[in-house]
Amino acid sequence: MRRIISVLMENEPGALSRVVGLFSQRGYNIESLTVAATEDATLSRMTLTTIGDDHKIEQITKHLNRLIDVVKLVDLTEGAHIERELMLIKVRASGAQRAEIKRCVDIFRGQIIDVSATVYTIQLTGTSDKLSAFYDAVGEAAILEVVRSGVSGIARGDKVLGL
Amino acid sequence: MELLSGGDMLMRALADEGVECIFGYPGGAALHIYDALFRQDKIKHILVRHEQAATHAADAFSRSTGKIGVVLVTSGPGATNAITGIATAYMDSIPMVVISGQVASERIGEDAFQETDMVGISRPIVKHSFLVKDARDIPAIIKKAFYIAGTGRPGPVVVDIPKDITSPATTFEYHYPDKVKLRSYTPAQRGHTGQIKKAVQLLLQAKRPIIYAGGGVIQGNASPQLIELARKLNAPVTNTLMGLGAYPATDRQFVGMLGMHGTVEANYAMHHSDVILAVGARFDDRVTNTTSKFCPSAKIIHIDIDPASISKTVPADVPIVGPVESVLNEMLENLKHADEKQDAAALQEWWSQIEEWRSRYGLLVKPRYIAGDKIMPQEVISTLWEVTKGDAYITSDVGQHQMFAAQYYPFDKPRRWINSGGLGTMGFGLPAAMGVQYAFRDATVACVTGEGSIQMCIQELSTCKQYNLPVKIICLNNQALGMVKQWQDMQYSSRYSESLYEDSLPDFVKLMDAYGHVGIRVTKREELKSKMEECFAMKDKTVFMDIHVEPKEHVYPMHIAPNGSMRDMWLNKTERT
Ligand SMILES: Cc1ncc(C[n+]2csc(CCOP(=O)(O)OP(=O)(O)O)c2C)c(N)n1
Ligand SMILES: [Mg+2]
């Protein structure tokens, strides 16, 4: 099963490499990983998505918790949550294709953020599934370049991941 | 407030932490530190001959004393040489602080002379590591390093210090913090009361209980509690290779070591049990054999300080996260007030079953090997036990001799059996013996080794000379990498691929003479005991006993793998359970 794990960790050099190292060392896979500082400069927040059965996920969270740099973590997929990912995508857009692609962007509520004679650069946010669906809708042949940010997530409602 | 340089602060912080000795080896990036060491008199330093030995010695110092061993090495090759010892300590959860010199801060990343990324290289084999960026942080980092190494599930911590940080040119205010608080690190202080209650109930209802105790009992100083609990429950006890001594081996309730080369009675008792109390043990693959066939009718209670150890390979029915000592104390307290009574008849039956297994298979009941003209390795260990009156510190290397030592030297006290269980590091034995002997000057310390393993750190004989460390080296010389050869006998039709040395072994007696020690060769059975007595009578001498043993002997019993359960064992070359 796909899981989204949010980790609050010390904003220290080496912290990120310990987390990434843990995954390769224990043979866990990382689907995506994002990390940045938080409003508290001493903490950074990481969101990682991984795939595994319950046993594996339990091991992953236990081992993450064991890292000295990890302050707190939560498996967002255990409760109601919101996930978002940002995608920037360059597609070939000339002639009749231009209108077609514009329509597709509108349907997916994306934005065209840069334009040239033959290329559109599009920005799209949403769940990873939605981004993949857009990718399929436009069709591989038209796609020139894709960059995805990886998943960020947050729990719904009053629940807060903090100190 | 006093003004000190980075190097002096480091020494002062170590002294304030209560460090008495450091095992180490100097070099360029560590020279400011070594100069600071020279200018103080609280901390002693033991100059080894190879950094690997420094880590093993410090590790064994920890294992035998319960204090935290300290290592000091230089950057680059000094640091990489320390890696094997750090990994050894990590696998066995041994607290240790390793200080490594690093190239100057402004050189880092330039492939400077003797630069290696020590924090990076050691990352998967440390509990935590620090790269010091500001000399002012030294006291706080040292405080944290010792706190992290010694609490929770212990382990090695690396502190990498660039050369400029320890420079005598700049001084800073020194203050050693008396407390550490890490918001991201709070080891469990006690177990969950409800779970503990459940565990006690389960144990009282058990008809065929067994206690399976590992190195965590020793690290957690919980032997007295374990003994009391076992006596109260009248349950059989088995120890892992790492746990030997946690429960007295000569006690009636002890059924021997379990696992690959454990006793048949211990493995049978595990397999047929209905409740297993696992304490500070981690269900290692060398214990469980095939996990899907592991103890089919047993409910498992698992006490461990590290939540990640619980249900890792075998699911626990009653997991309890906490320090073993406090959890066992709480269990004992619970037991006092429990209304439930044990099923005495069932226990009686369980014990008579175990006694039957023991009399049939027990290693110490009667010899389980066929003695010929040659000295049998098992007899060497039994003789060692007799001559040292069962009261020595025994360190070991890795191979058949290690297993014979574990099987035939009954350890009655914790911290007496010092071996590399998790990593299985050949070369561990001699430096480990040095670390123990340094900690206990008057104790009898013997290193059980093989002619293969001893050559991996033999240079340390010179260190023994310098510091008058009268360790006794008991070499079971079978002229081969015996454990490798045994597997080649069993699985590769005796094709001895690179497990023999042809006539290239050194004359160990002459070698000892060259190092200024005593060497004794034993080739005749009838001389074994008298020569060994002679060896141990030389209280202030380092002595090497080169004992020529039967080279064909295998270690038995042995789990049948792959796909075997715990009760499937080879009893000798032809018979199995
Ligand atoms: C550093 C290291 N290299 C290789 C091994 C694999 N190994 C395990 S036992 C063994 C043979 C040990 O020979 P010896 O020390 O003579 O002991 P014996 O088995 O003969 O008693 C080897 C090579 C190891 N455990 N450690
Ligand atoms: Mg050998």
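Scroll up to find the structure.
All of these numbers come straight from a predicted model, not from anything done at the bench.

> Tell me about the site of ligand 1, and name the residues and values.
Residue and element names in this part refer to chain B. If you check the shell around ligand 1, you find 18 residues, and the closest are Gln 400, Glu 451, Ser 453, Asn 478 and Gly 482. At a separation of 2.9 Å, an oxygen atom of ligand 1 approaches a polar side-chain atom of Asn 478. Protein contact buries 76% of the 590 Å² of open area that ligand 1 shows by itself. Among the secondary structure elements, those contributing two or more residues to the shell around ligand 1 are helix H15 (400–408) and helix H18 (482–491). A total of three residues in the shell around ligand 1 trace back to one element, the largest contributor, which is H18. Split by residue class, the shell around ligand 1 holds eight nonpolar, nine polar and one charged.

> Outline the sheet that holds strand E10 (residues 237–239) of chain B, listing residues and values.
Residue and element names in this part refer to chain B. Overall, parallel pairing links the six strands, which are arranged E11-E10-E9-E12-E13-E14 in an open sheet. Each end of this open sheet is capped by a strand with a single partner; those strands are strand E11 (254–257) and strand E14 (318–321). Between one strand and the next, the sheet's axes are offset by a mean angle of 15°, whatever the strand orientation. Note that strand E9 (residues 209–213) and E10 share three bridges and pair parallel.

> Tell me about the pattern of salt bridges, residues and numbers included.
According to the stated counting rule, one finds 36 salt bridges over all chains in the structure shown. Residue Arg3(A) is joined to Asp54(A) by a salt bridge in which the shortest nitrogen-to-oxygen separation is 2.7 Å. Pair noted here: Arg3(A) is in strand E1 (residues 2–10) and Asp54(A) is in helix H2 (residues 54–66), with a separation of 51 residues, a long-range link. A relative accessible area of 7% places Arg3(A) in the buried class. Looking at Asp54(A), the relative accessible area reads 55%, which means it is exposed. Among the salt bridges present, the one from Lys232(B) reaches Glu228(B), with a minimum N-O distance of 3.0 Å. On the criterion of helical spacing, the pair formed by Lys232(B) and Glu228(B) is a turn pair, its members being four residues apart in helix H9 (residues 223–233).

Here is what the cut-offs are and how they apply
Residues numbered from 1 in each chain as written. Chains lettered and ligands numbered in written order. Predicted model: local features only at pLDDT ≥ 70, side-chain atom pairs only at ≥ 80, totals over all residues. Heavy atoms only, no water. Near = heavy atom within 4 Å. Polar contact = N/O pair within 3.5 Å; in protein donor to acceptor, adjacent residues only side chain to side chain. Areas by Shrake-Rupley, 256 points an atom, 1.4 Å probe, with all protein chains shown as cover. Helix = DSSP H or I, 4+ residues; strand = E, 2+ residues; numbered from the N terminus. Nonpolar A, V, L, I, M, F, W, Y, C, P; charged D, E, K, R; others polar. Pairing = 2+ DSSP bridges. Axes fitted to C-alpha atoms, helices over the stretch in contact; angles between N-to-C directions. Salt bridge = Lys/Arg side-chain N within 4 Å of Asp/Glu carboxyl O. Buried < 20%, exposed > 50% of the residue type's maximum accessible area, 1.4 Å probe, protein only.

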